[in-house]
Amino acid sequence: GTITVLATTPSVASSPGLFSIVKTDTSKNNNVQVNGSSMTFTPGTGIDGKMYGFQPGSMYYYEDLCRINNTWGGKIYLWYSLDGEMAELYNEGAFWLSCDASFGEKWIPAIGGNEDYDILELETDGSTGPINFTFSIAPGQELKEYSGNISFHARSDYDIVDDNPGGDYLGDRPDADP
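S.K.: Can you break down the overall build of the protein residue by residue, with the values?
M.R.: Scanning the protein from terminus to terminus reveals one helix and 11 strands. Evaluated residue by residue, the protein yields a buried proportion of 46% over its 178 residues. A separation threshold of at least 6 residues defines the contact pool for the protein, and within that pool the share at least 24 residues apart is 73%.

S.K.: An account of the pattern of salt bridges is needed here, citing residue identities and associated values.
M.R.: Here the structure, examined in full by the defined rule, presents three salt bridges. The partner of Arg 67 in a salt bridge is Asp 64, and the shortest N-O contact between them spans 3.1 Å. Put simply, Glu 123 and Lys 75 hold a salt bridge, and the shortest N to O gap is 3.6 Å. With Glu 123 in the loop between β9 (120–122) and β10 (131–136) and Lys 75 in the loop between β6 (59–70) and β7 (76–82), the pair connects residues that are 48 residues apart, well separated along the chain. Overall, Lys 75 belongs to the partly exposed group, its relative accessible area being 22%. Through salt bridges with shared partners, one network takes in Lys 75, Glu 121 and Glu 123.

S.K.: Any details on the pairing of β7? Residues and values, ideally.
M.R.: Across the seven residues that make up β7, a large majority, seven, are buried. A two-sided burial pattern is seen for β7, the buried positions comprising Ile 76, Leu 78, Tyr 80 and Leu 82 on one face and Tyr 77, Trp 79 and Ser 81 on the other. In terms of strand pairing, β7 meets β9 through three bridges, oriented antiparallel. Pairing of Tyr 77 across the sheet is with Glu 121, part of β9. Inspection of the sheet shows β7 paired to strand β11 (residues 150–156) by seven bridges, in the antiparallel sense. Looking at β11, one finds that Ser 81 is bridged to Ser 151.

S.K.: A description of the packing of aromatic side chains should follow, citing residues and the corresponding values.
M.R.: Scanning the entire structure with this criterion turns up 12 aromatic pairs. Ring geometry for Tyr 80 and Phe 152: centres 6.1 Å apart, planes at 40°, overall tilted. Of this pair, Tyr 80 sits in strand β7 while Phe 152 sits in strand β11, placing them 72 residues apart in sequence. The exposure class of Phe 152 is buried, given its relative accessible area of 12%.

S.K.: Talk me through helix α1 (residues 84–91); I want residue IDs and the actual numbers.
M.R.: Along α1, the residues that are buried comprise Met 86, Ala 87, Leu 89 and Tyr 90. Mapping the buried residues of α1 onto a view down its axis gives an arc of 160°, with all of them on the same face. Gly 93, located one to two residues past α1, shows a positive phi value of around 80°.

S.K.: Before we move on, can you summarise the sheet that holds β7 with the specific residues and values?
M.R.: Sheet strands pair via backbone hydrogen bonds, and the direction of the pair is either parallel or antiparallel. Strand order across the open sheet formed by three strands is β9-β7-β11, with antiparallel pairing between neighbours. With one partner strand each, in any of the chains shown, β9 and β11 form the two edges of the open sheet. The mean angle between the axes of side-by-side strands here comes to 30°, regardless of whether they run parallel or antiparallel.

S.K.: Describe unusual backbone geometry, listing the residues and the values that go with them.
M.R.: Backbone geometry places Asp 64, a non-glycine residue, at a positive phi of 50°. Mapping Asp 64 onto the fold places it in strand β6.

The rules behind the values
- Residues numbered from 1 in each chain as written.
- Predicted model: local features only at pLDDT ≥ 70, side-chain atom pairs only at ≥ 80, totals over all residues.
- Heavy atoms only, no water.
- Helix = DSSP H or I, 4+ residues; strand = E, 2+ residues; numbered from the N terminus.
- Buried < 20%, exposed > 50% of the residue type's maximum accessible area, 1.4 Å probe, protein only.
- Contact = heavy atoms within 4.5 Å.
- Salt bridge = Lys/Arg side-chain N within 4 Å of Asp/Glu carboxyl O.
- Pairing = 2+ DSSP bridges.
- Phe/Tyr/Trp six-rings, centres within 6.5 Å; stacked < 30°, edge-to-face > 60°.
- Arc of directions from axis to C-beta.
- Axes fitted to C-alpha atoms, helices over the stretch in contact; angles between N-to-C directions.

As structure tokens, then:
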């Protein structure tokens, strides 16, 4: 299976254009690919492109697969959500993203009505730290197939009522990005 986000070559661009996701993965196994209008991450493959899956009782770290750049003319508020089996893996503690140089800090997603998700603030022309993917496979569990999406979302200062990132959208703005 694959994890897909909308993209335009050579990087993922939001619509409207508030941010772009830039592929920074330089590994020889080509887990991250940009093809036409999508960016795909396929965990568990080796350098030969063959799917090996993950071994029980192991942790897998995918370091600096991408970064997110603010392309808007002001501050943006950035978060992500998961669906499908990616959300299930997160809820089981088997998968998470981090957005810094270490793997210890989890970036909490907005899934299932969770109101405690993490929002990153990016200044004009700012960039996130490296976005890392971690898989923690429990003993007795073997993962070989993956499905679901990781979706990144942003609001600009102009989309927010009373400068509150969790506030209501100003629906009359043509450039508002829900």
